[in-house]
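# Results of the structural survey
The primary structure of each chain is shown beneath.
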Amino acid sequence: MTLEELPGDHRAAGRMEQAGDALEEVLSKALSQRSLTLGVYEAAKLLNVDPDNVVLCLLAADDEEAEDAALQIHFTLIQAFCCENDINILRVSNPARLAQLLLPAAAGPEPPADLHCVLVTNPHASQWKDPALSQLMGFCRESRYMDQWVPVINLPER
């Protein structure tokens, strides 16, 4: 048996795929409810003012941006703040797919939105009963049990 054939590896891949589907559903609902905050600066402002209303923080960077020192410093500060305030954090490995989900098809001449940090807020108490959000919270909790404090998730391509 090779490392690629370990039974736990298949379960982890399945969990990540389910979490990716759940994340897509959460983002779709949050977009329709206008409970998203996009951008590193806007996220920092919201976290400073109302951290209790944030239920999920997404950090997204592609391979080229992963070497951007300033962006990594921002990520480190946001991660520390989220950990201190019990906010679940996920890293999204394919920001292009995140952009497809969150930005309208015809953006026009406007500059592209900053999607390096996306916060999902809890506008209503009923959102806590959302099964997709509950599944994501469980995924984050299980990842922390395995000492993976900021799990990386891959949004499924459509």
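See the structure printed just above.
Attention here is on the structure that accompanies the text. Predicted, not measured: the structure shown is a model, and the values here were computed from it.

### Re helix 4 (residues 95-102)
- All buried positions along helix 4 are accounted for by P95, R97, L98 and L102. One side of helix 4 carries all its buried residues, which in axial view fall inside an arc of 155°.

### Looking at helix 2 (residues 40-49)
- Within the sequence span of helix 2, burial applies to V40, A43 and L47. The buried residues of helix 2 occupy an angular sector of 60° when projected down its axis, which confines them to one face. Across helix 2 from its buried face, at more than 90 degrees, point the exposed residues Y41, N48 and V49.
- The elements touched by buried residues of helix 2 are strand 1 (36-38), strand 2 (54-60), helix 3 (69-84) and strand 4 (117-121).

### Things to note about the sheet that holds strand 4
- Pairing is mixed in the open sheet, where 5 strands are placed in the order 1-4-2-3-5. Pairing within the sheet leaves two strands with one partner each, and these edge strands are strand 1 and strand 5 (152-153).
- Summarising the sheet, strand 3 (residues 88-92) and strand 5 pair through 2 bridges and their orientation is parallel. Its bridge partner lying in strand 5, V92 is registered against I153.

### Quick look at the nonpolar core
- Within the largest apolar cluster, 26 residues are counted, with the highest numbers of intra-cluster contacts made by L23, L58, L90, L98 and L136.
- Those elements giving two or more residues to this core turn out to be helix 1 (7-32), strand 2, strand 3, helix 4, strand 4 and helix 5 (131-145).
- With 16 residues, the next largest nonpolar core counts C57, L59, L119 and V150 among its residues.

### A few points about the pattern of salt bridges
- Applying the stated criterion across every chain, the model contains 3 salt bridges.
- For E24, the salt bridge is made with R97, and the minimal N-O distance between the two is 3.1 Å. One end of the pair, E24, is in helix 1; the other, R97, is in helix 4, and 73 residues separate them in sequence. No difference in accessibility class separates E24 from R97, as the two residues are buried.
- The partner of K29 in a salt bridge is D130, and the shortest N-O contact between them spans 2.8 Å. Of this pair, K29 sits in helix 1 while D130 sits in the loop between strand 4 and helix 5, placing them 101 residues apart in sequence.
- Each member of the salt-bridge network shares a partner with another, and the members are E25, K29 and D130.

### Considerations on unusual backbone geometry
- Backbone geometry places R34, a non-glycine residue, at a positive phi of 60°.
- Looking at where R34 falls in the secondary structure, it is placed in the loop between helix 1 and strand 1.
- Judged by its relative accessible area of 78%, R34 is exposed.
- For D86, which is not glycine, the phi dihedral falls at a positive 55°.
- Within the secondary structure, D86 sits in the loop between helix 3 and strand 3.

Quick notes on the rules
- Residues numbered from 1 in each chain as written.
- Predicted model: local features only at pLDDT ≥ 70, side-chain atom pairs only at ≥ 80, totals over all residues.
- Heavy atoms only, no water.
- Buried < 20%, exposed > 50% of the residue type's maximum accessible area, 1.4 Å probe, protein only.
- Helix = DSSP H or I, 4+ residues; strand = E, 2+ residues; numbered from the N terminus.
- Arc of directions from axis to C-beta.
- Contact = heavy atoms within 4.5 Å.
- Pairing = 2+ DSSP bridges.
- Core = buried A, V, L, I, M, F, W, Y, C linked by side-chain atoms within 4.5 Å.
- Salt bridge = Lys/Arg side-chain N within 4 Å of Asp/Glu carboxyl O.

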